[in-house]
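Notes for the structure review
Single-letter residue listing:
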Amino acid sequence: MSLNFNLKWLNTNTLPRSTVFEMQKDVRTSILKPCEEIVTNMETTGYISSASGTMLKKMFDVFTGVETEYKLLQELKASDLFKDAREFIISDVLQAGIVNNQQQLINDRISGMLMPIQFHLRKYLETTNMFQTILACLHPSKDGHVRSLVDGSIWKQRTAGVDKIVIPLNLFFDDFTTSDTVSPHASRTSICAIYYYIPCLPGHLLSKLANILVAGYILTEDRKQYENDELFSILVDILIQLETEGLDITYEGKTITVHFMLGFITGDNLGISGILDLVESARANFYCRVCKRNRAQREIDVREYPESFRSVESYYLDLDLGDVSMTGIKKDSIFNRIPSYHVALNIYFDLMHDLWEGVCVYGLAHCLKYFVTTKKMFSLDELNARKNLFVFGSLNNSNIPNDIKDVNIAKSKIKLTASEIKTLLTFFPLIVGKAVPNDDSVWKYLCGLLKICHILMLREFPLRLVETLRKLVEIHHSQYQELFNHTLKPKHHNLLHYASSLLTSGTPRHQWAMRGEGKHREAKQYSRVSNNKINLCKSLSIKAGYKFAYNVLNNAFIPPTIEINESDIKLESLRPDHQHLLGELGNNITVEYIDRLIKKGSTFEKGTIFYTCQENFIKLFELESIFRDNKNTLTFICTKINSNGFNDHLQSFEVYKSGVHTIVSNVEETEVFAINLHKVDETFFFRFCNFVDLV
């Protein structure tokens, strides 16, 4: 109880560590000690027995042994919940300095922090259901869908013939600023974070920040000054050891050796190129990490050229040339020391930066300028008014974009976050589609871009859509150059490789940087309340260790698939209007009616719109009631929502509520996805591209 109390508050991002122990002290002195004195008096006067007094006093001594941070750390280590992070030395040179008001030679030590990765992986895999879940995800799918990197050809080639348990690990590198960017000390508080995660986990688990583990922190200033060989040699040694020697874990009472292979190094384009010792400038002649098309070719390419792809052999031939301008390779990457990994096979693209913060921003900016300024189909004020009056729905309320400004239109630059541009573009057809003619060429370009976005955001990618994606990207790039008279940018070029990367590396949605950048929020919030400006990386590492210990103690990595703990549950006979839906099975049975439940992070209650998907068919429903029978099976009572067909101009299904009641049984095993319907001119629309049939 005392460990959980301390770790709960140490897990809070906005509390300094010292405040937690001050809170604990207040509880001891203001609550527990007075209670203990009362119990002593009651024991002395005979109101309670000596045994009862001893029992109560023991309870009041709950914080004994963890009164200070040092004592708590010793207790956590004894409980196998915490291990100190490692401070590794990057540079240690003598230079002149002041010690005790005297000039002396002192060590100018530059260091970084590396978390105990082997310890964290062992504890992570030994938590309830984690190893079992990972094992279930290590097998490639056989239903014609691509999901994680284990379905990609690169992983299959690397693990072919390997007769042992091998789990993929992805590394994520990214810089973030922990304080005001205009502060005089901003350069010393910009951090390069290193995270890692298991990319084959189901999507609803990958979206939890707890399943993105911290590998270490380095000051961005130091990363710019020193070579990757000096910064990441210890990390590479650990990855080599995890692959060759493996890690012993306890599973179902047995000791099992598990091996880990580095899947991909992920992050934004600039970060990946820097970490892999490739040229970082997007204006470089050979900037692409996958192919060797030069800058002039990339600016007009509407398809990819497989004959120009990089390979392990061409990588070393380019290294021998020693000319960065002709190869795009600065030096042999230290990560090539890992036996099964090679930079040339790091075929990874980030959906967040390439699509939502790249291609979509460019395309939408040009479209808005065309609609508002060139054709004057609607004014900027009308656009913002339509946006502000549009009901985005409960699932999108947190990402509603701000108003578009005149300067955004004039300069064809939109300043929005990835989540905001995603929300705006997704619902743009419903916001202004009625004001645009059906045969407008720019509108058709925008609809094509939406189709690309929809395909790339799929967590389960049907192989039949690979060639569709290639064709859509080719059309998009051709239209972009023709309609806007602009050359293609580097992120446009990256989009050419997405169809191939789906086959080699798995779906981009499973590995994008959105959740990695979301992980920064923990460190950013804590940095604002921490007074440590000398070794901020160390403070962040200690905090990350506490957060990990809290998650292990509470088995927070895999939440229950269905949660009904906070629901209102009523035991009653099955209602008459529900009995006929079950037929004979519904006669004279008593069930538990539940007002709401949470499944895989989504809330389902009366009025929730959701869909089920089977093969290429989608069924829409509006939830009315939830009940659980005596076999603990959950059932949804729903109203069917039917389709009037797909509106190609609005890129949405026109739907209506049929009034026909039906059931969705065995909710535990059935995939259900909560959505919002949107009303435009008294008609309901389901914003979904028509790569499926709505029945």
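Structural data are supplied above this passage.
A few words on the overall build of the chain. Helices and strands together make up the secondary structure of the chain, namely 25 helices and 22 strands. Computed over C-alpha atoms, the radius of gyration of the chain comes to 29 Å, within 12% of the 26 Å expected from 2.2 N^0.38 for 695 residues, which places it in the range of a compact globule. Principal axes of the C-alpha set define a box for the chain whose edges measure 90 × 85 × 55 Å. Going through the 695 residues of the chain one by one, you find that 52% of them count as buried.

Moving on to the sheet that holds strand 13 (residues 596-599). Read from one edge to the other, the open sheet built from 3 strands follows the order 10-13-14, with strand pairing classed as antiparallel. With partners counted over all chains shown, the strands left at the sheet margins are strand 10 (562-563) and strand 14 (602-605), one partner each. Pairing geometry for strand 13 and strand 14, over 4 bridges, is antiparallel. Among the inter-strand pairings, isoleucine 598 is bridged to a residue of strand 14, identified as threonine 603.

By secondary structure assignment, the location of glycine 271 is in helix 11 (residues 269-275). Distance in space between the C-alpha atoms of glycine 271 and glutamine 225 is 15 Å, their sequence separation being 46 residues.

On to the pattern of salt bridges, then. All told, the structure shown has 30 salt bridges when counted by the stated rule. As a salt-bridge pair, aspartate 143 and arginine 147 come within 2.7 Å of each other at their nearest N and O atoms. Its salt-bridge partner being lysine 331, residue aspartate 229 comes within 3.4 Å of it at the nearest N-O pair. Of this pair, aspartate 229 sits in helix 10 (residues 228-244) while lysine 331 sits in the loop between helix 14 (324-327) and helix 15 (351-374); the two residues are 102 residues apart in sequence, bridging distant segments of the chain. Given the relative accessible area of 26%, lysine 331 is considered partly exposed. What emerges from the salt-bridge pattern is a single network uniting Asp80, Arg122, Lys123 and Glu126.

Quick look at unusual backbone geometry now. Within the chain, aspartate 80 stands out as a residue other than glycine whose phi angle is a positive 60°. Relative to the helices and strands, aspartate 80 is located in the loop between helix 4 (69-78) and strand 1 (86-99). The exposure class of aspartate 80 is partly exposed, given its relative accessible area of 27%. With a phi angle near 55°, asparagine 485 is a residue other than glycine that sits in the positive phi range. By the element assignment, asparagine 485 lies in the loop between helix 20 (466-484) and helix 21 (490-496).

On to the side chain of histidine 649. Positionally, histidine 649 belongs in the loop between strand 17 (634-647) and strand 18 (652-664). Of note is the side chain of histidine 649, whose polar atom sits 3.3 Å from the side chain of asparagine 438. Setting aside residues up to four positions removed in sequence, histidine 649 forms contacts with Gly433, Val436, Pro437, Asn438, Trp443 and Cys447.

This part covers the environment of arginine 298. You can see arginine 298 is positioned in helix 12 (residues 295-298). For arginine 298, a relative accessible area of 4% puts it in the buried group. Separated by 60 residues in the primary sequence, arginine 298 and isoleucine 238 place their C-alpha atoms 38 Å from one another. Among residues more than four places away in sequence, those in contact with arginine 298 are Ala282, Ala284, Asn285, Phe286, Tyr287, Cys288, Arg293, Leu488 and His493. Of note is the side chain of arginine 298, whose polar atom sits 3.1 Å from the backbone oxygen of alanine 284.

Moving on, we get to helix 18 (residues 418-432). Over its 15 residues, helix 18 extends 21 Å from the first C-alpha to the last, a length consistent with the 21 Å expected when each residue adds 1.5 Å. The largest bend in helix 18 comes to about 40°, at threonine 426, with the proline proline 429 one to four residues further on. Taking burial as the measure, the 15 residues of helix 18 include 13 buried ones, the bulk of the element.

Moving on, we come to the side chain of histidine 492. By the element assignment, histidine 492 lies in helix 21. Look at histidine 492 and you get buried, because its relative accessible area is 0%.

Quick look at the state of the cysteines now. As enumerated under the stated definition, the model contains 0 disulfides in all. Cysteine 689 supplies the cysteine sulfur nearest to cysteine 447, a cysteine that is in no disulfide, at a spacing of 8.5 Å. Exposure remark for cysteine 447: the relative accessible area of 7% places this residue in the buried category.

Here we take up the packing of helix 15 against helix 18. Axis separation between helix 15 and helix 18 bottoms out at 10 Å; the angle between their running directions is 50°. Comparing the axis directions of helix 15 and helix 18 gives the class oblique. The handedness of the crossing between helix 15 and helix 18 comes out as left-handed. Judged by residue contacts, Met352, Trp356, Glu357, Cys360, Val361, Leu364, Leu368 and Phe371 of helix 15 engage Ala418, Ile421, Lys422, Leu424, Leu425, Thr426 and Phe428 from helix 18. Looking at the contact of helix 15 with helix 18 residue by residue, the classes come out as 12 nonpolar, 1 polar and 2 charged.

Attention shifts here to the environment of isoleucine 475. Mapped onto the fold, isoleucine 475 is located in helix 20. Judged by relative accessible area, isoleucine 475 falls into the partly exposed class, the value being 36%.

Right, let's talk about the packing of aromatic side chains for a bit. This model, assessed by the stated rule, comprises 32 aromatic pairs. Where tyrosine 445 meets tyrosine 480, the ring centres are 6.5 Å apart and the plane angle is 45°; that geometry is what we call tilted. Separated by 35 residues along the polypeptide, tyrosine 445 in helix 19 (residues 441-456) and tyrosine 480 in helix 20 bring together distant segments of the chain. With a centroid separation of 5.8 Å and an interplanar angle of 45°, the aromatic rings of phenylalanine 548 and phenylalanine 557 are classed as tilted. The exposure classification of phenylalanine 548 matches that of phenylalanine 557, with both residues buried. Every member of this aromatic cluster is reached through a ring pair, and the members are Tyr611, Phe646, Phe653, Phe673, Phe686 and Phe688.

The rules behind each value
- Along each chain, residue indices are assigned from 1 in the same order as the chain's sequence is written.
- It should be noted that, the model being predicted, local features are given only for residues of pLDDT at least 70 and side-chain atom pairs only at 80 or more, the latter also being counted only at that level, while totals for whole chains, interfaces and linings use all residues.
- Water and hydrogen atoms play no part in the side-chain values, which are based on all heavy atoms of the structure.
- For the purposes of this entry, the term helix denotes a DSSP run of H or I that reaches at least four residues, the term strand denotes a run of E that reaches at least two, and both are numbered from the N terminus.
- With C-alpha atoms as the basis for the radius of gyration, the globule rule is written as 2.2 Å multiplied by the number of residues raised to the power 0.38.
- Partly exposed residues are those whose accessible area sits between 20% and 50% of the maximum for their type, while under 20% is buried and over 50% is exposed, using a 1.4 Å probe and protein chains only.
- Being paired, for any two strands, means DSSP has found at least two bridges between them.
- Just to be clear on terms, a salt bridge is a Lys or Arg side-chain nitrogen sitting within 4 Å of an Asp or Glu carboxyl oxygen.
- Nitrogen and oxygen atoms within 3.5 Å of one another constitute a polar contact, given that in protein one can donate a hydrogen and the other can accept it, and given that sequence-neighbouring residues count only through two side-chain atoms.
- Any two residues whose heavy atoms approach within 4.5 Å at even a single point are treated as in contact.
- Take the residue count of a helix, subtract one, and multiply by 1.5 Å to get its expected span.
- A residue's bend is simply the angle between two axes: one fitted to the seven residues ending at it, one to the seven starting at it.
- Cysteine sulfur atoms are paired as a disulfide whenever they fall within 2.5 Å.
- Convention adopted: a line fitted to C-alpha atoms gives each axis, helices being fitted over their contacting stretch, and angles between N-to-C directions are expressed from 0 to 180 degrees.
- Throughout, the term roughly parallel applies to angles under 35 degrees, roughly antiparallel to angles over 145, roughly perpendicular to angles from 65 to 115, and oblique to all others.
- Handedness of a crossing is defined here by the sense of rotation of the near helix relative to the far one, left-handed for an anticlockwise turn of less than a right angle and right-handed for a clockwise turn.
- Only Asp, Glu, Lys and Arg are considered charged, only Ala, Val, Leu, Ile, Met, Phe, Trp, Tyr, Cys and Pro nonpolar, and every remaining residue, Gly among them, polar.
- Pairing of aromatic rings covers Phe, Tyr and Trp, the last through its six-membered ring, and needs centres within 6.5 Å; plane angles under 30 degrees mean stacked, over 60 mean edge-to-face, and all others mean tilted.

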